[in-house]
Amino acid sequence: MAWMDIHFYSEILGIESEMYVLIPEVRCLNKRAENVQEGKVCLPVLYLLHGTSQDHTDWMRYTALERYVENVPLIVVMPAVRRSYYSNQKIGYNYFDFLTEELPGIVHSYFPASGRREDTYIAGLSMGGYGAVKAAFMRPDLYAAAASLSGMLDFRADDHTAYFHLIGDEAALFKLKNDNYYEYRRVMDHVMDWGTIDDFNGSDNDLNAWPLRAAQRGDRLPRLYLTIGRQDEIYHTNPPFIRKLEEAGIDFTYEEREGEHNWEFWDKAILRVLKWFGLKDGR
């Protein structure tokens, strides 16, 4: 595999952006090599998303991803999106448009990447799991399959909803900033990404609203795979969303395993995802 650290300018964000890319070397593609050199073969693409406090480097730093996709005819794209929750931010930048509109065009201009829906996949962990599921529902025309690894899928089931009620209370925010800056940052994520609780509920950013909406519209959704560890600190945000999928009659695969919200779990999970997507042989 060739591992590339790419820095490029995003017109949508108006800033320099970064991504890691894994791409098979021509000599590893066997019969496809000659066709790749002649520009006749376009490879499938997996967009692999990072979590809230992470960046585009973490999948390569903490998992055996490169070994898992060795000799697999696949391009893996790992973009950096800061703490945006892959959203068109209420106060900030249009990261969802960056992910789903601008980035694919950039990837296709640099690499022999297929632009076909059936060759395009998306997956992510934690915040990235949320982002992958949101992309699958909002842009079902783009992806063959999507996967959430320990995704934050239902904010109503988590203490995150309490943060919304601090928005606009300057005294409470000032006290929180001095008492617990970590929690203050999480509040600011909500302010920047989504605004108030009224802005969030039922919006495109609210995953709870999507299963019924997609079912009523008859959307042709990507195949969905969701997995989480039973000891995960945000485990409780997954079953409520699973029930929404069931109630809407949406087809999906859901797996609970032993594990926590950590790289030990995600390293094993991404290998399962690659096999479930059909991008890698074996079980």
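For the structure, see preceding data.
Definitions and cut-offs
Sequence positions are assigned chain by chain, starting from 1 and proceeding in written order. Per-residue local features of the predicted model are confined to residues with pLDDT of at least 70, and side-chain atom pairs are confined, for both listing and counting, to 80 or more; whole-chain, interface and lining totals are unaffected and use all residues. Hydrogens and water molecules were not included; the side-chain quantities draw on all heavy atoms of the structure. Only Phe, Tyr and Trp rings are paired, with Trp represented by its six-membered ring, and only when their centres lie within 6.5 Å; those with planes under 30 degrees apart are stacked, over 60 edge-to-face, the remainder tilted. Think of it this way: any DSSP run of H or I at least four residues long counts as a helix, any run of E at least two long counts as a strand, and we number them from the N terminus. Residue exposure (1.4 Å probe, protein chains only): buried if accessible area is under 20% of the type maximum, exposed if over 50%, otherwise partly exposed. Contact between two residues is taken to exist if any of their heavy atoms lie within 4.5 Å; hydrogens are not considered. Polar contacts, as used here, are pairs of N or O atoms within 3.5 Å; protein pairs need one atom able to donate a hydrogen and one able to accept it. Residues neighboring in sequence count only if both atoms are side-chain atoms. To estimate the expected span of a helix, count its residues, drop one, and scale the result by 1.5 Å. The salt bridge definition used is simple: a Lys or Arg side-chain nitrogen within 4 Å of an Asp or Glu carboxyl oxygen.

J.: How should I be thinking about the packing of aromatic side chains in this particular structure?
T.: Both the distance between ring centres and the angle between the ring planes are used here to describe each pair of aromatic rings. All chains considered together, the criterion is met by 18 aromatic pairs. Between Y85 and W194 the ring centres are 5.1 Å apart and the planes differ by 55 degrees, which places this aromatic pair in the tilted class. Taken together, the residues span a long stretch of sequence, with Y85 in the loop between β4 (75-79) and α4 (95-110) and W194 in the loop between α8 (181-193) and α9 (197-200) at a distance of 109 residues. By relative accessible area, which is 2% here, W194 ends up buried.

J.: Please explain the side chain of D206 as it appears in this structure.
T.: Following the sequence through the fold, D206 ends up in the loop between α9 and α10 (210-217). When residues no more than four places from it in sequence are discounted, the contact partners of D206 are R156, F200 and N201.

J.: Is there a simple way to explain the environment of E18 in this structure?
T.: Along the chain, the position of E18 falls in strand β2 (residues 15-23). A residue is classified by how much of its surface remains accessible, and E18, at 14% relative accessible area, is buried. Taking the C-alpha atoms as reference points, E18 and D5, separated by 13 residues in sequence, lie 7.4 Å from one another. Once residues lying within four places of it in the same chain are set aside, the contact partners of E18 are I6, H7, F8, H56, M78, P79, A80 and R82. Here the side chain of E18 touches R82 through a polar contact of 3.2 Å, side chain to side chain.

J.: Just checking my understanding: could you explain α8 for this structure?
T.: Helical geometry note: an α-helix holds 3.6 residues per turn, so side chains three or four residues apart project in the same direction. If you check α8, its first and last C-alpha atoms are 18 Å apart, about what 13 residues at 1.5 Å a residue would give, namely 18 Å. Residues of α8 that are buried: E183, Y184, R186, V187, D189, H190, V191 and D193. Where α8 terminates, the next one or two residues include G195, which has phi positive at roughly 85 degrees.

J.: Can you walk me through the pattern of salt bridges in this structure?
T.: A side chain with one charge can pair with a side chain of the opposite charge if their charged atoms come near. Applying the stated criterion across every chain yields a total of 14 salt bridges. In this structure, the salt-bridge partner of R217 is D219, at a minimum N-O distance of 2.8 Å. Among the residues examined, D219 registers a relative accessible area of 23% and is labelled partly exposed. Here R272 and E255 are joined by a salt bridge, their closest N and O atoms 3.6 Å apart. Placement of the pair is R272 in helix α12 (residues 263-277) and E255 in strand β8 (residues 253-257), with a sequence separation of 17 residues. One continuous salt-bridge network, built from bridges that share partners, spans R116, E118 and D119.

Everything listed here is a matter of coordinates, which is why it stays silent on function.
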